[in-house]
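Coordinate analysis (summary)
If you want the building blocks of each chain, they are given just below.
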Amino acid sequence: MAEENTANAQANNAPEENITVAEVAPQAAETTQQAEQADGDKNVSAAAPANPMPPSPGTLQNFQPPHHHFKWHVDVRVDGHDVYQGFIKEITLEGTHLFVEHNLQNAKFAKLHIHIPPVANATLHPVVEVSGKIISTIFDSSEDCFRSAIHFQEFTLESDRIYLQSRLSAA
């Protein structure tokens, strides 16, 4: 097969080259920009790649920023039966990082009761209840416990989502 390719390349008087996508893409972008400028469009900016590389699964990079850093207590009901206590440190409306002493690697779903400290001089200590899917679990040596990435799927009450959103936007 390689001999056929070499014979075809020699027959066409064209040298065999290995061209990578990285070498072709900048040339294509420059050609597009030059064509648009020739048409009179002076505000040409480099276009973002059509298919950017998605973040790796199991990270909070999958969740929309901003990430808010708190240390809130949480009770976790795993797969509908086991209850563990832990805390969260990073949270968005899409998910959180959960820290517990138990390895949740084999678990699929969790129901979180997030204890949100009251704002100044408030007597209520609200608890937000949310169900989520456990995306990944690793051991975090800096906290000496397991860290699980949780993707929120459903808030028990719409008011829980609204309250969490208000607390995150106030931060």
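Summary of the structure given here. Predicted model, so just to flag it, every value in this text is computed and none were measured.

Quick notes on the overall build of the chain
Scanning the chain from N- to C-terminus turns up three helices and six strands. Along its sequence from the N terminus, the chain presents helices and strands in the succession α-α-β-β-β-β-β-β-α. For the chain, with 171 residues in total, the buried portion stands at 29%. A sequence separation of at least 24 residues applies to 52% of the contacts in the chain between residues at least 6 apart.

Quick notes on helix H3 (residues 158–170)
Between the first and last C-alpha of H3 there are 19 Å, a value that for 13 residues agrees with the 18 Å anticipated at 1.5 Å per step. Along H3, the residues that are buried comprise Asp160, Leu164, Arg167 and Leu168. End-on, the buried residues of H3 take up no more than an arc of 95°, which puts them together on one face. Exposed residues pointing more than 90 degrees away from the buried face of H3 are listed as Ser169 and Ala170.

Side note on the pattern of salt bridges
For the coordinates displayed, the defined rule picks out four salt bridges. Residue Glu129 is joined to Lys111 by a salt bridge in which the shortest nitrogen-to-oxygen separation is 3.3 Å. Taken together, the residues span a long stretch of sequence, with Glu129 in strand S5 (residues 127–140) and Lys111 in strand S4 (residues 109–115) at a distance of 18 residues.

Quick notes on the packing of aromatic side chains
The way to describe two aromatic rings as a pair is by their centre distance and the angle between their planes. According to the stated counting rule, one finds three aromatic pairs in the structure shown. Above the ring of Phe87, the side-chain terminus of Lys71 is found at 4.5 Å from the ring centroid. Here Lys89 stacks its cationic end above the ring of Phe99, 5.7 Å away from the centre of that ring.

Brief notes about the side chain of Asp140
Within the fold, Asp140 resides in strand S5. When sequence neighbours within four positions are dropped, the list of residues in contact with Asp140 reads Phe99, Cys145, Phe146 and Arg147.

Here we look at the pairing of strand S3 (residues 95–100)
Most of S3 sits inside the fold, with six of its six residues counted as buried. Every second residue of S3 is oriented toward a common face, with Gly95, His97 and Phe99 on one face and Thr96, Leu98 and Val100 on the other, all of them buried. Turn length for the strand S2 (residues 82–91)-S3 hairpin, with the two strands adjacent in sequence and antiparallel, is three residues. Alignment of S3 against strand S6 (residues 145–155), held across six bridges, turns out to be antiparallel.

What counts and what doesn't
Residues numbered from 1 in each chain as written. Predicted model: local features only at pLDDT ≥ 70, side-chain atom pairs only at ≥ 80, totals over all residues. Heavy atoms only, no water. Helix = DSSP H or I, 4+ residues; strand = E, 2+ residues; numbered from the N terminus. Buried < 20%, exposed > 50% of the residue type's maximum accessible area, 1.4 Å probe, protein only. Contact = heavy atoms within 4.5 Å. Expected span 1.5 Å × (residues − 1). Arc of directions from axis to C-beta. Salt bridge = Lys/Arg side-chain N within 4 Å of Asp/Glu carboxyl O. Phe/Tyr/Trp six-rings, centres within 6.5 Å; stacked < 30°, edge-to-face > 60°. Lys NZ or Arg CZ within 6 Å of the ring centre and 35° of its normal. Pairing = 2+ DSSP bridges.

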